[in-house]
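Structure at a glance
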Amino acid sequence: NRRVPEKIINSLWKEGYMPALLKGSELIIIPSLNDVEFGTRAAIAFKKNEEILGFIWALQSRDTFTDEQLSFLKFAAKEGKNQLLQAQRKKKRHQEYHQEFLWQLLTGHFQSEERIAQTCLELSITLPTPYSIVVFSFPSDITQNTEKTISYMLSTTQRIKASLYTVDRKRLIILAGAEVQNNFSQDLTEFIEAFILQMKTRFDIAPIQGACGQIYETYIKARNSYDEALYTFSLQQAFPEKKNALINYATLGIYQYIKTLHKFHSDSSASQSLKCIDNYDNKNHTQLTQTLEAYLKRDGNLYDAAEDLHVHVNTIHYRIKRISEIAQVDLKDPFIKTALLLELLLHQYREALAKIE
């Protein structure tokens, strides 16, 4: 169960050795990779047809490999295939039980933490604490070949522990535990970003979206974490310009409250201030609403708002002054600024939901 350090895996991909092993069936000699302290090795894949079952890695001693040694490695790869096939069939049966258990967690099937613990005991499952539910959305239905790629990726990552996972058409759902307790929330975000990047660069699968729910200690909350990950997905669709920041539910900030506020707030109850600005824009063909949004999202920084809108900072200064006069609002008041920003975000979220529906 030892795992190769991630820096070595990345070097093997960049140098082209892993793609060669996955595509071909020949034995490959991999020279020393001094920058990652990786000595010369011979490697060959176990294959059934085009399916990768596993690998043999042999470390070269002081002497170079002999023809006899290399022939033996080829023979071992051929003969060991049957043993790996048997192990894989057993593993597949376990996976089916584990996937059913994961769905029971995600759908709130269990009524108590005690019943979850009992089921884990029966299925020989060790659940990590703390944990989070991570969800990836693929561009099309996940095929068997893609699932094998996913399994490989999850087995090599060292940012999280992928304790359980399942596939639901285009979605990959993972119950993720912490490799290191101290920075689990940050590790989740980095894992999602790295997974998306590596699936694109290594396997040409894109675009993929990823999100995760909050971190919990008790498994009766697994459904909450799953729902939070799906909600984070909806935010990525509603606010595409912010999708790279809307990944981890725990770091959404004000965006966490958009869905709740949406239930009790409609466009018809929008503030009179925003209506005044919108009416002025329609009548005079100006862009004060857009300016206000950029200004608020940049926390009142005139220079950043000017850069976003590609105008001079003096233009922003003049527009903000006009907005204050037209809407009769004090844009130095943090409570008023927060209320206006929430209303603008709610309007954008509502429009996005209407398009999805």
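Let us look at the structure shown here.

1. Some points on the pairing of strand β2 (residues 41-48)
Summarising burial for β2: six of the eight residues are buried, a large majority. Pairing analysis gives three bridges linking strand β1 (residues 28-30) to β2, with the strands arranged antiparallel. Looking across to β2, one finds that Ile28 is bridged to Ala43. Examined bridge by bridge, β2 and strand β3 (residues 51-59) share eight bridges and lie antiparallel to one another. Considered in β3, the bridge of Ala42 is made with Ala58.

2. A look at the sheet that holds β1
Pairing is antiparallel across the open sheet formed by three strands, whose spatial order is β1-β2-β3. With partners counted over all chains shown, the strands left at the sheet margins are β1 and β3, one partner each. Taking each pair of neighbouring strands and ignoring which way they run, the sheet shows an average axis angle of 30°.

3. Here's the deal with the sheet that holds strand β6 (residues 171-178)
Across the sheet, which stays open at both edges, the four strands sit in the order β5-β6-β4-β7 with antiparallel pairing between neighbours. Edge strands, defined here as strands with exactly one partner in the open sheet, are β5 (160-168) and β7 (209-212). When strand polarity is set aside, the average angle formed by the axes of neighbouring strands in this sheet is 20°. Where strand β4 (residues 131-137) lies against β7, four bridges are found, and the strand directions are antiparallel. Each bridged residue has a counterpart across the sheet, and for Ser137 the counterpart in β7 is Gln209. Across the sheet, helix α6 (residues 144-156) is in contact with β5 and β6; its angle to β5 comes to roughly 165°.

Calculation notes
- For every chain, the first residue of the written sequence is number 1, and numbering continues from 1 along that sequence.
- Under the rules for a predicted model, residues below a pLDDT of 70 receive no local features and side-chain atom pairs below 80 are neither given nor counted, while totals for whole chains, interfaces and linings still include all residues.
- The basis for every side-chain value is the complete set of non-hydrogen atoms in the structure, without hydrogens or water.
- With a 1.4 Å probe rolled over the protein chains alone, any residue whose accessible area is under 20% of its type maximum counts as buried; one over 50% counts as exposed, and the rest are partly exposed.
- Counting from the N terminus, the helices are the DSSP runs of H or I reaching at least four residues and the strands are the DSSP runs of E reaching at least two.
- Note on pairing: two strands pair once DSSP finds at least 2 bridges between them.
- Only C-alpha atoms enter the line fits that serve as axes; for helices the fit covers just the stretch in contact. Angles between N-to-C directions range over 0 to 180 degrees.
- Residue contacts are defined here by distance: any two heavy atoms, one from each residue, within 4.5 Å place the two residues in contact.

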